[in-house]
Amino acid sequence: MPLLAIETSCDDTCAAVLDGAAVLSNVISSQVDHARYGGVVPEVASRHHLELAIPVLDAALAEAGTGLGEIDSVAVTAGPGLIGALLVGLSTAKAIAAPRELPLIPTDHLHGHVAANFLEPDPLEPPFLCLIASGGHTLLAGVTDHRGFEVLGETLDDAAGEAIDKAARMLGLGFPGGPELERLAATGDPGAFSFPVAMSRDPGLDFSFSGLKTALVYICRDLGESETDDRRADLAAGFQAAVVDQLVTKLGRALDRGDWPAVALGGGVAANGPLRLAVGKLCEERGIHFKQVGRELCTDNAAMIGSAARFTDPLPYPQYLDFDAFATGPRGSR
Ligand code: KG4
Ligand code: ZN
(Lines give C-alpha, C1' and ligand atoms only; values in the text may rest on other atoms or scores of the structure.)
(Ligands and ions follow the chains in the order given, each with its own letter.)
Protein backbone atom coordinates (compact mmCIF):
# COMPACT_ATOMS: atom_id res chain seq x y z
CA MET A 1 0.00 0.00 0.00
CA PRO A 2 1.44 3.37 -0.98
CA LEU A 3 2.65 6.14 1.30
CA LEU A 4 1.86 9.79 0.56
CA ALA A 5 4.58 12.33 1.48
CA ILE A 6 4.28 16.11 1.72
CA GLU A 7 7.11 18.69 1.96
CA THR A 8 6.54 22.45 2.39
CA SER A 9 9.46 23.60 4.57
CA CYS A 10 10.57 26.48 2.31
CA ASP A 11 9.38 27.71 -1.08
CA ASP A 12 8.74 24.42 -2.92
CA THR A 13 5.36 22.74 -2.60
CA CYS A 14 6.06 19.02 -2.95
CA ALA A 15 4.10 15.77 -2.84
CA ALA A 16 5.21 12.23 -3.64
CA VAL A 17 3.84 8.71 -3.57
CA LEU A 18 6.15 5.85 -2.61
CA ASP A 19 5.79 2.10 -2.59
CA GLY A 20 8.60 1.04 -0.25
CA ALA A 21 11.82 2.51 -1.65
CA ALA A 22 10.29 2.92 -5.12
CA VAL A 23 9.18 6.45 -6.10
CA LEU A 24 5.84 6.28 -7.92
CA SER A 25 5.62 10.07 -8.30
CA ASN A 26 7.56 13.12 -7.11
CA VAL A 27 5.88 16.44 -7.92
CA ILE A 28 7.63 19.75 -7.14
CA SER A 29 6.08 23.16 -7.69
CA SER A 30 8.70 25.89 -7.21
CA GLN A 31 7.39 29.32 -6.36
CA VAL A 32 8.79 31.94 -8.72
CA ASP A 33 7.31 34.98 -7.00
CA HIS A 34 10.25 35.34 -4.61
CA ALA A 35 12.67 36.29 -7.41
CA ARG A 36 11.52 39.90 -7.42
CA TYR A 37 12.32 40.24 -3.70
CA GLY A 38 15.76 38.61 -4.12
CA GLY A 39 14.97 35.90 -1.54
CA VAL A 40 12.19 33.79 -0.04
CA VAL A 41 9.52 35.86 1.74
CA PRO A 42 8.04 33.56 4.44
CA GLU A 43 4.47 34.88 4.32
CA VAL A 44 4.40 34.79 0.52
CA ALA A 45 5.67 31.20 0.67
CA SER A 46 2.92 30.16 3.13
CA ARG A 47 0.18 31.69 0.97
CA HIS A 48 1.49 29.94 -2.13
CA HIS A 49 1.63 26.60 -0.31
CA LEU A 50 -2.05 27.07 0.55
CA GLU A 51 -2.90 27.60 -3.11
CA LEU A 52 -0.64 24.84 -4.43
CA ALA A 53 -1.07 22.06 -1.85
CA ILE A 54 -4.19 20.44 -3.35
CA PRO A 55 -3.19 20.70 -7.06
CA VAL A 56 0.26 19.30 -6.27
CA LEU A 57 -1.25 16.44 -4.23
CA ASP A 58 -3.70 15.67 -7.03
CA ALA A 59 -0.86 15.61 -9.54
CA ALA A 60 1.23 13.28 -7.37
CA LEU A 61 -1.67 10.83 -6.91
CA ALA A 62 -2.58 10.92 -10.61
CA GLU A 63 1.02 10.38 -11.71
CA ALA A 64 1.30 7.41 -9.33
CA GLY A 65 -1.95 6.00 -10.72
CA THR A 66 -3.53 5.89 -7.28
CA GLY A 67 -6.21 7.70 -5.25
CA LEU A 68 -6.45 9.00 -1.69
CA GLY A 69 -8.50 5.92 -0.74
CA GLU A 70 -5.54 3.66 -1.47
CA ILE A 71 -3.00 5.58 0.62
CA ASP A 72 -2.22 3.82 3.91
CA SER A 73 0.02 6.34 5.68
CA VAL A 74 0.90 10.03 5.35
CA ALA A 75 4.41 11.45 5.89
CA VAL A 76 5.07 15.16 6.29
CA THR A 77 8.02 17.44 7.04
CA ALA A 78 7.64 18.62 10.64
CA GLY A 79 10.79 20.84 10.60
CA PRO A 80 13.20 22.51 10.47
CA GLY A 81 12.04 25.23 8.10
CA LEU A 82 9.79 28.29 7.83
CA ILE A 83 7.15 27.76 10.47
CA GLY A 84 4.19 29.12 8.47
CA ALA A 85 5.17 27.07 5.43
CA LEU A 86 5.58 23.91 7.53
CA LEU A 87 2.18 24.42 9.15
CA VAL A 88 0.43 24.39 5.77
CA GLY A 89 1.95 20.99 4.95
CA LEU A 90 1.33 19.56 8.42
CA SER A 91 -2.31 20.70 8.49
CA THR A 92 -2.85 19.27 5.01
CA ALA A 93 -1.34 15.94 6.08
CA LYS A 94 -3.50 15.80 9.21
CA ALA A 95 -6.61 16.61 7.18
CA ILE A 96 -5.87 13.70 4.84
CA ALA A 97 -4.88 11.20 7.55
CA ALA A 98 -7.43 11.91 10.29
CA PRO A 99 -10.75 11.13 8.54
CA ARG A 100 -9.51 7.62 7.69
CA GLU A 101 -7.61 7.30 10.99
CA LEU A 102 -4.37 6.66 9.06
CA PRO A 103 -1.01 6.91 10.84
CA LEU A 104 0.91 10.17 10.37
CA ILE A 105 4.72 10.20 10.14
CA PRO A 106 6.23 13.58 11.11
CA THR A 107 9.63 13.68 9.43
CA ASP A 108 12.84 15.68 9.90
CA HIS A 109 13.73 17.67 6.75
CA LEU A 110 17.47 17.04 7.06
CA HIS A 111 16.91 13.33 7.64
CA GLY A 112 15.01 13.58 4.34
CA HIS A 113 18.07 14.95 2.49
CA VAL A 114 20.10 12.01 3.85
CA ALA A 115 17.34 9.49 3.09
CA ALA A 116 17.13 10.55 -0.59
CA ASN A 117 20.07 8.17 -0.93
CA PHE A 118 18.00 5.18 0.32
CA LEU A 119 15.64 5.36 -2.66
CA GLU A 120 15.53 3.03 -5.65
CA PRO A 121 17.34 2.58 -7.99
CA ASP A 122 20.61 1.68 -6.31
CA PRO A 123 19.82 2.48 -2.68
CA LEU A 124 22.90 3.37 -0.65
CA GLU A 125 23.35 1.48 2.61
CA PRO A 126 24.91 3.10 5.71
CA PRO A 127 27.59 3.79 6.73
CA PHE A 128 28.33 6.84 4.59
CA LEU A 129 29.19 10.51 4.89
CA CYS A 130 26.63 12.96 3.53
CA LEU A 131 27.41 16.61 2.73
CA ILE A 132 24.20 18.63 2.78
CA ALA A 133 24.48 22.14 1.31
CA SER A 134 21.38 24.16 0.51
CA GLY A 135 19.97 27.66 0.89
CA GLY A 136 19.06 26.96 4.51
CA HIS A 137 21.60 24.39 5.73
CA THR A 138 25.21 23.31 5.39
CA LEU A 139 26.36 20.32 7.37
CA LEU A 140 28.33 17.11 7.32
CA ALA A 141 26.21 14.15 8.39
CA GLY A 142 27.73 10.88 9.55
CA VAL A 143 25.18 8.22 8.63
CA THR A 144 25.55 4.89 10.41
CA ASP A 145 21.89 3.99 10.58
CA HIS A 146 18.81 4.50 8.39
CA ARG A 147 16.98 6.15 11.27
CA GLY A 148 19.09 9.28 11.67
CA PHE A 149 22.56 10.81 11.46
CA GLU A 150 25.19 12.53 13.53
CA VAL A 151 26.08 16.16 12.79
CA LEU A 152 29.89 16.13 12.44
CA GLY A 153 30.14 19.80 11.42
CA GLU A 154 27.84 22.60 10.34
CA THR A 155 27.94 26.21 9.28
CA LEU A 156 28.48 28.74 12.02
CA ASP A 157 26.85 31.54 10.00
CA ASP A 158 25.41 31.51 6.44
CA ALA A 159 24.49 28.35 4.57
CA ALA A 160 26.54 27.78 1.40
CA GLY A 161 23.53 28.40 -0.85
CA GLU A 162 22.59 31.52 1.07
CA ALA A 163 26.11 32.94 0.53
CA ILE A 164 25.99 31.98 -3.15
CA ASP A 165 22.60 33.70 -3.54
CA LYS A 166 23.90 36.88 -1.88
CA ALA A 167 27.05 36.88 -4.05
CA ALA A 168 24.93 36.35 -7.16
CA ARG A 169 22.78 39.31 -6.16
CA MET A 170 25.88 41.52 -5.77
CA LEU A 171 26.87 40.51 -9.29
CA GLY A 172 23.46 41.48 -10.66
CA LEU A 173 22.15 37.93 -11.12
CA GLY A 174 18.60 36.71 -10.36
CA PHE A 175 17.30 34.55 -7.50
CA PRO A 176 18.07 31.76 -6.76
CA GLY A 177 21.59 32.66 -7.81
CA GLY A 178 23.32 29.25 -7.84
CA PRO A 179 22.62 28.12 -11.41
CA GLU A 180 23.31 31.59 -12.89
CA LEU A 181 26.48 32.03 -10.84
CA GLU A 182 27.68 28.63 -12.06
CA ARG A 183 27.02 29.60 -15.70
CA LEU A 184 28.81 32.94 -15.34
CA ALA A 185 31.71 31.36 -13.42
CA ALA A 186 32.31 28.93 -16.30
CA THR A 187 33.58 31.84 -18.42
CA GLY A 188 35.77 33.38 -15.69
CA ASP A 189 39.19 32.84 -14.16
CA PRO A 190 38.88 31.47 -10.60
CA GLY A 191 42.39 32.68 -9.75
CA ALA A 192 41.94 36.30 -10.87
CA PHE A 193 40.95 37.50 -7.38
CA SER A 194 42.03 36.09 -4.08
CA PHE A 195 39.27 35.09 -1.70
CA PRO A 196 40.05 34.09 1.88
CA VAL A 197 40.35 30.39 2.57
CA ALA A 198 37.66 30.37 5.25
CA MET A 199 38.14 28.31 8.40
CA SER A 200 41.57 27.14 7.16
CA ARG A 201 43.09 27.50 10.63
CA ASP A 202 40.11 25.89 12.32
CA PRO A 203 40.91 22.22 12.91
CA GLY A 204 37.22 21.25 13.20
CA LEU A 205 34.58 20.31 10.67
CA ASP A 206 32.40 23.43 10.93
CA PHE A 207 31.92 25.82 8.01
CA SER A 208 31.76 29.60 7.66
CA PHE A 209 30.70 31.52 4.56
CA SER A 210 30.02 35.04 5.82
CA GLY A 211 33.70 36.09 5.45
CA LEU A 212 33.66 35.17 1.76
CA LYS A 213 30.64 37.35 1.25
CA THR A 214 32.34 40.28 3.02
CA ALA A 215 35.47 39.74 0.88
CA LEU A 216 33.33 40.06 -2.24
CA VAL A 217 31.75 43.28 -0.92
CA TYR A 218 35.22 44.82 -0.41
CA ILE A 219 36.59 43.62 -3.77
CA CYS A 220 33.56 45.13 -5.57
CA ARG A 221 33.88 48.37 -3.61
CA ASP A 222 37.58 48.70 -4.53
CA LEU A 223 36.94 47.89 -8.18
CA GLY A 224 34.09 50.38 -8.58
CA GLU A 225 30.86 49.82 -10.45
CA SER A 226 32.04 49.66 -14.03
CA GLU A 227 35.14 47.53 -13.37
CA THR A 228 33.02 45.16 -11.23
CA ASP A 229 30.67 44.85 -14.15
CA ASP A 230 33.52 44.02 -16.54
CA ARG A 231 35.01 41.44 -14.18
CA ARG A 232 31.76 39.69 -13.14
CA ALA A 233 32.77 36.34 -14.61
CA ASP A 234 36.13 36.32 -12.77
CA LEU A 235 34.42 37.35 -9.53
CA ALA A 236 31.80 34.61 -9.89
CA ALA A 237 34.49 32.02 -10.68
CA GLY A 238 36.63 33.04 -7.70
CA PHE A 239 33.69 33.06 -5.29
CA GLN A 240 32.36 29.71 -6.47
CA ALA A 241 35.84 28.14 -6.25
CA ALA A 242 36.21 29.40 -2.66
CA VAL A 243 32.86 27.89 -1.63
CA VAL A 244 33.62 24.57 -3.33
CA ASP A 245 37.12 24.55 -1.85
CA GLN A 246 35.82 24.93 1.70
CA LEU A 247 33.13 22.26 1.25
CA VAL A 248 35.59 19.76 -0.24
CA THR A 249 38.35 20.54 2.30
CA LYS A 250 36.01 19.83 5.22
CA LEU A 251 34.66 16.72 3.53
CA GLY A 252 38.24 15.45 3.05
CA ARG A 253 39.01 16.20 6.68
CA ALA A 254 35.93 14.26 7.82
CA LEU A 255 37.02 11.32 5.66
CA ASP A 256 40.44 11.43 7.35
CA ARG A 257 38.78 11.06 10.73
CA GLY A 258 36.50 8.13 10.07
CA ASP A 259 36.29 4.95 8.10
CA TRP A 260 33.64 5.98 5.56
CA PRO A 261 33.24 3.69 2.53
CA ALA A 262 30.93 6.09 0.64
CA VAL A 263 30.08 9.77 0.19
CA ALA A 264 26.74 11.30 -0.82
CA LEU A 265 25.58 14.87 -1.49
CA GLY A 266 22.28 16.58 -0.74
CA GLY A 267 20.70 20.05 -0.99
CA GLY A 268 20.45 22.46 -3.93
CA VAL A 269 24.17 23.32 -3.97
CA ALA A 270 24.85 19.64 -4.71
CA ALA A 271 23.61 20.43 -8.23
CA ASN A 272 26.78 22.50 -8.76
CA GLY A 273 28.97 20.96 -11.48
CA PRO A 274 32.40 22.01 -10.11
CA LEU A 275 31.39 20.74 -6.62
CA ARG A 276 30.33 17.37 -8.02
CA LEU A 277 33.57 17.14 -10.02
CA ALA A 278 35.72 18.01 -7.01
CA VAL A 279 33.93 15.53 -4.73
CA GLY A 280 34.16 12.87 -7.45
CA LYS A 281 37.91 13.47 -7.70
CA LEU A 282 38.35 13.33 -3.92
CA CYS A 283 36.46 10.01 -3.73
CA GLU A 284 38.39 8.55 -6.65
CA GLU A 285 41.72 9.45 -5.05
CA ARG A 286 40.65 7.70 -1.86
CA GLY A 287 38.94 4.72 -3.46
CA ILE A 288 35.57 5.67 -1.93
CA HIS A 289 32.19 5.14 -3.59
CA PHE A 290 30.53 8.45 -4.63
CA LYS A 291 26.75 8.14 -4.69
CA GLN A 292 25.04 10.79 -6.83
CA VAL A 293 21.27 11.06 -6.88
CA GLY A 294 19.54 13.12 -9.59
CA ARG A 295 19.11 16.87 -9.15
CA GLU A 296 15.38 16.47 -8.39
CA LEU A 297 16.28 14.39 -5.34
CA CYS A 298 19.01 16.84 -4.18
CA THR A 299 16.80 19.94 -4.03
CA ASP A 300 13.78 19.96 -1.73
CA ASN A 301 11.29 17.24 -2.67
CA ALA A 302 8.73 14.97 -1.00
CA ALA A 303 10.19 11.63 -2.17
CA MET A 304 13.08 12.15 0.26
CA ILE A 305 10.55 12.80 3.06
CA GLY A 306 8.73 9.57 2.20
CA SER A 307 12.08 7.78 2.28
CA ALA A 308 12.97 9.16 5.74
CA ALA A 309 9.46 8.29 6.95
CA ARG A 310 10.13 4.60 6.27
CA PHE A 311 12.65 4.79 9.11
CA THR A 312 10.66 7.07 11.47
CA ASP A 313 8.09 5.98 14.07
CA PRO A 314 4.53 6.72 12.90
CA LEU A 315 2.06 8.45 15.22
CA PRO A 316 -1.28 6.65 15.46
CA TYR A 317 -4.62 8.47 15.17
CA PRO A 318 -5.60 10.62 17.12
CA GLN A 319 -2.23 11.18 18.82
CA TYR A 320 -0.96 13.49 16.07
CA LEU A 321 -3.86 15.92 16.03
CA ASP A 322 -2.07 18.33 18.38
CA PHE A 323 1.43 17.58 17.02
CA ASP A 324 3.24 20.82 16.11
CA ALA A 325 5.81 21.80 13.49
CA PHE A 326 9.25 23.10 14.60
CA ALA A 327 11.26 25.89 12.94
CA THR A 328 14.73 24.95 14.20
CA GLY A 329 16.26 21.67 15.22
CA PRO A 330 18.74 20.65 17.90
CA ARG A 331 22.46 20.51 17.19
CA GLY A 332 24.00 17.03 17.44
CA SER A 333 22.48 13.65 16.70
CA ARG A 334 19.08 13.62 15.11
O1 KG4 B 1 17.82 22.52 -1.39
P2 KG4 B 1 17.32 23.77 -2.04
O3 KG4 B 1 16.55 23.62 -3.32
O4 KG4 B 1 16.40 24.59 -1.09
C5 KG4 B 1 16.75 24.93 0.21
O6 KG4 B 1 17.42 25.95 0.37
O7 KG4 B 1 16.39 24.14 1.14
O8 KG4 B 1 18.61 24.69 -2.27
C9 KG4 B 1 18.54 25.95 -2.90
C10 KG4 B 1 19.93 26.55 -2.94
C11 KG4 B 1 19.92 28.00 -3.41
O12 KG4 B 1 20.74 28.75 -2.56
C13 KG4 B 1 20.49 27.89 -4.81
O14 KG4 B 1 21.16 29.07 -5.24
C15 KG4 B 1 21.46 26.74 -4.66
O16 KG4 B 1 20.75 25.80 -3.84
N17 KG4 B 1 21.78 26.12 -5.95
C18 KG4 B 1 23.02 26.08 -6.47
C19 KG4 B 1 22.89 25.50 -7.75
N20 KG4 B 1 21.56 25.18 -7.95
C21 KG4 B 1 20.92 25.57 -6.83
N22 KG4 B 1 24.20 26.50 -5.98
C23 KG4 B 1 25.27 26.34 -6.76
N24 KG4 B 1 25.24 25.80 -8.01
C25 KG4 B 1 24.08 25.37 -8.54
N26 KG4 B 1 24.05 24.84 -9.77
ZN1 ZN C 1 16.36 21.29 2.04
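Structure report, in brief. On a predicted model such as this, the values are computed, not experimentally measured, just so you know. (Residues numbered from 1 in each chain as written. Chains lettered and ligands numbered in written order. Predicted model: local features only at pLDDT ≥ 70, side-chain atom pairs only at ≥ 80, totals over all residues. Heavy atoms only, no water.)

Now for the sheet that holds strand β6 (residues 128-133). Pairing is mixed across the open sheet formed by 5 strands, whose spatial order is β8-β7-β6-β9-β10. Across the chains shown, the open sheet's two edge strands, defined by having one partner strand only, are β8 (148-154) and β10 (289-291). Geometrically, the sheet is characterised by an average inter-axis angle of 25 degrees between neighbouring strands, direction not taken into account. Taken together, the 3 bridges between strand β9 (residues 262-266) and β10 define a ladder with parallel strand orientation. Bridge assignment links A262 to a residue of β10, and that residue is H289. (Pairing = 2+ DSSP bridges. Helix = DSSP H or I, 4+ residues; strand = E, 2+ residues; numbered from the N terminus. Axes fitted to C-alpha atoms, helices over the stretch in contact; angles between N-to-C directions.)

Looking along the chain, the bond that leaves P126 and enters P127 is cis, with omega of 5 degrees. By secondary structure assignment, the location of P127 is in the loop between α3 (109-115) and β6. Between F175 and P176 the backbone carries a cis peptide bond, its omega angle lying at -10 degrees. For D122, which is not glycine, the phi dihedral falls at a positive 65 degrees. For D122, the position within the fold is in the loop between α3 and β6.

Around the zinc ion (ligand 2), the protein contributes the donor atoms H109 (NE2), H113 (NE2) and D300 (OD), which lie 2.1 to 2.2 Å from the metal centre. One chain supplies every donor to the zinc ion (ligand 2), and in sequence these donors are spaced H-x3-H-x186-D. Pair noted here: H109 is in helix α3 and D300 is in the loop between α10 (295-298) and α11 (303-309), with a separation of 191 residues, a long-range link. According to the relative accessible area criterion, D300 is buried, its value standing at 14%. (Donors = N, O, S within 2.8 Å, 3.2 Å for Na, K, Ca; no water. Buried < 20%, exposed > 50% of the residue type's maximum accessible area, 1.4 Å probe, protein only.)

Function cannot be inferred from these measures alone, as they are strictly geometric.
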